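Listed below are the residues making up each chain.
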Amino acid sequence: MTTELDEPASRQMRATALEKLDNAVCSALAGVDADDARRGLQEALAACTAVNASVSPQVMGCVVAVDEHLRYGERMEARTLLTVAHRLLSRKTVLPVPREVDRVNRLARG
């Protein structure tokens, strides 16, 4: 049996897991030890999986590739992928109202 409180709590858990993943990505970017970075990223991904947080396939691919690059000491490649993952995680898509689109188009035309 579920209650109305389950959904908000579940959303909060997913948001917390995604925040944990973003924090792990930022920590890895800050230059912590490669093994610590790999461990932090794996724990964060496990937390996302545990609460069924929606992590985009692009972010998952970046984090998996980061793990491989860090394993072989390829820090610059890992940093590039971490930057991409961080930007994807922090991106918020806001769709404009149709009237706003018309106004922007008119302003763009002059």
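Residues numbered from 1 in each chain as written. Predicted model: local features only at pLDDT ≥ 70, side-chain atom pairs only at ≥ 80, totals over all residues. Heavy atoms only, no water.

Trainee: Just checking my understanding: could you explain the environment of Glu-43 for this structure?
Mentor: Among the structural elements, Glu-43 can be located in helix H2 (residues 34–50). Between the C-alpha atoms of Glu-43 and Leu-21, which are 22 residues apart in sequence, the distance is 8.3 Å. (Helix = DSSP H or I, 4+ residues; strand = E, 2+ residues; numbered from the N terminus.)

Trainee: It is not clear to me how the nonpolar core should be interpreted in this structure. Could you clarify?
Mentor: Burial of nonpolar side chains together is a common tendency in soluble globular proteins. Leu-21, Leu-41 and Leu-82 are the most contacted members of the largest nonpolar core, which has 24 residues in total. At seven residues, H2 tops the list of elements feeding residues into this core. Setting aside chain neighbours within four positions, we find Leu-82 in contact with Val-25, Ala-28, Leu-29, Leu-41 and Val-66. (Core = buried A, V, L, I, M, F, W, Y, C linked by side-chain atoms within 4.5 Å. Buried < 20%, exposed > 50% of the residue type's maximum accessible area, 1.4 Å probe, protein only. Contact = heavy atoms within 4.5 Å.)

Trainee: Would you explain the confidence of the model for the protein chain in this entry?
Mentor: Detailed reading of predicted coordinates is not advised where the pLDDT is low. Mean pLDDT over the protein chain works out to 75, with 77% of the residues at or above the 70 mark. Mean pLDDT across the elements of the protein chain ranges from a minimum in helix H5 (residues 98–109), with 56, to a maximum in helix H3 (residues 57–71), with 86. For residues 1–5, every residue scores under 50 in pLDDT, and the model assigns this stretch one contact once sequence neighbours within four places are set aside. Low confidence marks residues 93–97, where pLDDT is under 50. Its contacts with residues over four positions away, or in another chain, come to one contact. (pLDDT = per-residue confidence, 0-100.)

Trainee: In this structure, what is going on with the side chain of Asp-67? I would like to understand it.
Mentor: Along the chain, Asp-67 falls in helix H3. At 2.6 Å, the side chain of Asp-67 forms a polar contact with the side chain of Arg-38. (Polar contact = N/O pair within 3.5 Å; in protein donor to acceptor, adjacent residues only side chain to side chain.)

Trainee: Explanation requested: the environment of Ala-34 in the structure shown.
Mentor: Mapped onto the secondary structure, Ala-34 falls in helix H2. Owing to a relative accessible area of 16%, Ala-34 belongs among the buried residues under this scheme. Placed 36 residues apart in sequence, Ala-34 and Leu-70 show a C-alpha to C-alpha distance of 5.9 Å. Not counting chain neighbours up to four residues away, the residues in contact with Ala-34 comprise Leu-70 and Arg-75.

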